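One letter stands for each residue in the lines below.
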Amino acid sequence: MTTTLTDYEYVRENVRIVPDFPKKGIMFLDITTAIKDAKAMQMMIDFLFEKFKNEKVNYVAGIESRGFIFASALAYRLGCGFVPIRKPNKLPAKTIKEDYTLEYGTNTIEIHEDALKPGDKVIIIDDLLATGGTAAAACNLVKRVGADVVATAFIIELNPLKGRELIESKGVKVVSMLNYDLD
């Protein structure tokens, strides 16, 4: 008897766990092994599309850098625009920035000041939700330019780091494909 993996199981089997990266004690979930597999990549984009196909959105915003992969593909499928949320000094026009903390340090992200307008409906995408600092900062940026955050979405969520709680405390919906407890 052959067993068929569900989409979730198939994608999970294609995510590589790298111990002690980017520093000792971190168990890094590497999505690059899943995105190089055509079937897994299709499953990830199909998952996101199914979650948002009935939403009326103007843009999908991707957080640098792995968020770009999923956000641009989802924007294409939804027939809307893509907006990059980048690390400092990467965007050529006038930007606004937001500082945040993450599980192993601090960082800053930026968006073009004119990337969105009041009333735009935006989905924010990244590959992984850990403490939620990056996604919360992205939500703040989108809201600061007057747009509305419809939801945040991730391929992987690390449950013990409680990022979902931080994002949901801001009144923003969280969608994730794979949940890890890392016990």
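For the structure itself, consult the block above.
As a starting point, this report considers the structure included with it.

About the cut-offs
Residues numbered from 1 in each chain as written. Predicted model: local features only at pLDDT ≥ 70, side-chain atom pairs only at ≥ 80, totals over all residues. Heavy atoms only, no water. Disulfide = S-S within 2.5 Å. Buried < 20%, exposed > 50% of the residue type's maximum accessible area, 1.4 Å probe, protein only. Helix = DSSP H or I, 4+ residues; strand = E, 2+ residues; numbered from the N terminus. Expected span 1.5 Å × (residues − 1). Arc of directions from axis to C-beta. Axes fitted to C-alpha atoms, helices over the stretch in contact; angles between N-to-C directions. Parallel < 35°, antiparallel > 145°, perpendicular 65-115°, else oblique. Left-handed = near helix turned anticlockwise from the far one by under 90°. Contact = heavy atoms within 4.5 Å. Nonpolar A, V, L, I, M, F, W, Y, C, P; charged D, E, K, R; others polar. Phe/Tyr/Trp six-rings, centres within 6.5 Å; stacked < 30°, edge-to-face > 60°. Lys NZ or Arg CZ within 6 Å of the ring centre and 35° of its normal.

### Observations concerning the state of the cysteines
Simply put, disulfide is the name for a covalent bond between the sulfur atoms of two cysteines. The tally for this structure, following the rule as stated, stands at 0 disulfides. Cys-80 takes part in no disulfide bond, and the closest cysteine sulfur, belonging to Cys-139, lies 16 Å away. In this structure Cys-139 comes out as buried when scored by relative accessible area, which is 1%.

### Concerning unusual backbone geometry
Cis rather than trans, the peptide bond between Phe-21 and Pro-22 has omega equal to 0°. Structurally, the position occupied by Pro-22 is in the loop between strand E1 (16-19) and strand E2 (27-30). Look at the link from Glu-64 to Ser-65: it is a cis peptide, with omega at -5°. Tracing the backbone shows Ser-65 in the loop between strand E3 (59-63) and helix H4 (66-78). Residues other than glycine seldom take positive phi values, yet Asp-20 does so here, at roughly 60°.

### Points about the environment of Ala-93
For Ala-93, the position within the fold is in the loop between strand E4 (81-85) and strand E5 (95-102). A relative accessible area of 42% places Ala-93 in the partly exposed class. Measuring from C-alpha to C-alpha, the distance between Ala-93 and Ala-115 comes to 9.9 Å, with 22 residues separating the pair along the chain.

### Regarding H4
Under the 1.5 Å per step criterion, the end-to-end length of H4 is 19 Å for 13 residues, consistent within 8% with the ideal 18 Å. Within the sequence span of H4, burial applies to Gly-67, Phe-70, Ala-71, Leu-74, Ala-75 and Leu-78. The arc enclosing the buried residues of H4, seen along the axis, measures out at 135°, which places them on a common side. Of the residues flanking the end of H4, it is Gly-79, one or two places downstream, whose phi is positive at about 70°.

### Structural notes on the packing of helix H3 (residues 38-52) against H4
One way to put it is that H3 packs onto H4 with a least axis distance of 10 Å and a crossing angle of 55°. Our classification of the angle between H3 and H4 gives oblique. For the element pair H3 and H4, the recorded crossing hand is right-handed. Each of Met-41, Met-44, Ile-45, Asp-46, Leu-48, Phe-49 and Phe-52 in H3 lies in contact with H4, whose residues at this interface are Ile-69, Phe-70, Ala-73, Leu-74, Arg-77 and Leu-78. For the contact of H3 with H4, the class distribution of residues is 11 nonpolar, no polar and 2 charged.

### Some words on the packing of aromatic side chains
Scanning the model with the defined rule gives 3 aromatic pairs in all. For the ring pair Phe-68 and Phe-82, a centre distance of 5.7 Å and an interplane angle of 85° mean the geometry is edge-to-face. Of the two residues, Phe-68 is situated in helix H4 and Phe-82 in strand E4; the sequence distance between them amounts to 14 residues. When the ring centre of Tyr-10 is taken as reference, the NZ or CZ atom of Lys-39 above it lies at 4.5 Å.

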